[in-house]
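In case you want the letters, here they are:
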Amino acid sequence: MSLTTPKDHGLPKVPFWNGVRCAVSVTAAWLLMTVAGGGLACALNAGAAKESPKDRVVAKVNGMPIFASDLDAMIHAQERVIRFQFANDPARLRKELAEVKRNALNGLIDFQLLEDEFFRLGGVIRKEDIDEDVKLAIQEAFKGDRAALMAELNAIGMTYGKYRELREQMIMVSAVRARIANKVEVTDKMVREHYENNLQKWRGPESVKFHTLTIFNTSANARSLAEGLRMKLASGGDFAEIARENSKDSRADDGGAWPWTSIANINNNVGKVMEKMKKGELSEVLEEPNSFVILRVDDIRKTEPKPFESVKEEVKKSLMEELSREKIENRLCRLREAAEIQKMGPV
């Protein structure tokens with residue numbers, strides 16, 4: 001099978017940050033964020049630059065160097081996204097930041113292995129392929145405005161030539177992943193089992209009864225006040241009484257109590273936290289725009305799973321994506337075993 005173009009692999013003609021073509025690795029996500037909203041001031045060196053005293057080699061993959069600047073930039077980009085995503089979940093934030101630092105170098109190594117595999121399989125990328133990909137990316141991210149792309153590149157200190165190099169790398173890695181995963185087949189029995197084993201995925205939004213206590217972030221001690229009130233609640237304080245005395249939201253007069261409410265209708269950040277809470281659980285202090293919020297989930301009403309036949313195609317797609325990820329990871333394991341990988345001291 002030729003690796004000439006993404007089309008030859010059945011890859012959808014969409015920019016890489018949509019659908020299967022974005023699922024390359026943590027490294028690929030970083031590459032995309034470099035231009036699609038990450039606002040970084042540097043990009044992957046792609047092994048072409050020479051090492052300088054300030055840019056040591058941290059690893060080599062079949063002789064190709066990975067530089068400290070590449071690693072630092074990737075970690076920085078991932079941390080920025082994670083800090084935004086889990087701003088209201090301090091425990092999860094600490095865990096995710098630690099994971100990024102642990103996995104960053106291995107992510108860069110895997111990216112290089114997949115690029116090497118592209119060429120081993122005889123892959124060739126034509127100039128027209130990159131032209132088409134860049135055109136699609138500009139259409140998706142900048143509504144077809146090439147001047148807007150150039151302004152963004154200039155703002156982050158990246159040349160148009162470097163941008164094209166990064167897009168070329170994404171084509172190569174995506175093509176290899178598609179080739180690995182394109183033979184996934186599933187039976188009706190497998191789809192039914194996947195449905196039964198993952199019923200939570202096919203349920204509608206849960207409803208909850210809950211309490212809130214809100215402190216406006218209008219003074220220097222607002223967080224301290226919120227943390228102190230949470231300690232009182234955690235020690236057995238009466239939520240309704242403390243909320244009536246201190247809360248500033250619309251439910252304060254009711255002691256912070258809310259009626260049955262679908263999680264889908266709750267503020268996005270608060271709803272995400274609430275989805276993970278158990279009946280009777282008290283949240284940490286959540287930082288919202290202009291306020292600090294404390295939640296207590298009083299009761300949870302689960303919905304019944306959607307009938308199998310109504311979500312069969314969705315279940316099938318989910319299963320195929322899961323099996324594809326497994327196939328790609330298995331291939332990466334073999335590539336790692338066969339490659340000459342050197343890690344240069346502590347990272």
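Let us look at the structure shown here. Note that the structure is a prediction, hence the values are computed from the model and not measured.

Each value, and the rule that gives it
Residues numbered from 1 in each chain as written. Predicted model: local features only at pLDDT ≥ 70, side-chain atom pairs only at ≥ 80, totals over all residues. Heavy atoms only, no water. Salt bridge = Lys/Arg side-chain N within 4 Å of Asp/Glu carboxyl O. Helix = DSSP H or I, 4+ residues; strand = E, 2+ residues; numbered from the N terminus. Buried < 20%, exposed > 50% of the residue type's maximum accessible area, 1.4 Å probe, protein only. Pairing = 2+ DSSP bridges. Axes fitted to C-alpha atoms, helices over the stretch in contact; angles between N-to-C directions. Contact = heavy atoms within 4.5 Å.

### Details of the pattern of salt bridges
Two side chains bearing opposite charge may form a pair once their charged atoms approach each other closely. Tallied over the entire structure, the rule returns 22 salt bridges. Between arginine 192 and glutamate 196 there is a salt bridge; the shortest N-O distance is 3.6 Å. Of this pair, arginine 192 and glutamate 196 both sit in helix 7 (residues 188-197), 4 residues apart, which is roughly one turn of the helix. You can call arginine 192 partly exposed: its relative accessible area is 37%. For the salt bridge of glutamate 287 with arginine 223, the shortest nitrogen-to-oxygen distance reads 3.1 Å. With glutamate 287 in strand 5 (residues 286-288) and arginine 223 in helix 8 (residues 222-234), the pair connects residues that are 64 residues apart, well separated along the chain. On the basis of relative accessible area, glutamate 287 is assigned to the partly exposed category, the value being 41%. By sharing partners, the salt bridges in this structure join Asp110, Glu329 and Arg336 into a single network.

### So, the sheet that holds strand 4 (residues 257-262)
Strand order in the open sheet made by the 4 strands is 4-3-6-5, with antiparallel pairing throughout. Because the sheet does not close on itself, it has two edges, and the strands there are strand 4 and strand 5. Adjacent strand axes in the sheet meet at a mean angle of 40°, parallel and antiparallel pairs treated alike. Pairing of strand 3 (residues 207-216) with strand 4, which is carried by 4 bridges, proceeds in the antiparallel orientation. Residue histidine 211 lies in a different strand from strand 4, and its bridge partner there is alanine 257. The strands that helix 10 (residues 268-275) touches are strand 3, strand 5 and strand 6 (291-301); relative to strand 6, the one it contacts most, it runs at about 45°.

### With respect to unusual backbone geometry
Unlike most non-glycine residues, asparagine 62 shows phi in positive territory, near 50°. The class of asparagine 62 is partly exposed, set by a relative accessible area of 40%. With a phi close to 70°, asparagine 290 is a non-glycine residue in the positive phi region. When you line up the elements, asparagine 290 lands in the loop between strand 5 and strand 6.

### Digging into the sheet that holds strand 1 (residues 57-61)
If you walk across this open sheet you meet the 3 strands as 2-1-7, and the pairing is antiparallel. Two strands close off the open sheet at either side, each with one partner strand: strand 2 (64-67) and strand 7 (341-343). Put simply, the sheet's adjacent strands are angled 20° from each other on average, direction ignored. In terms of strand pairing, strand 1 meets strand 2 through 4 bridges, oriented antiparallel. Within strand 2, the position partnered with alanine 59 by the bridge is isoleucine 66. Contacts between helix 2 (residues 68-85) and the sheet are confined to strand 1 and strand 2, with strand 2 contributing the most and set at about 50° to the helix.

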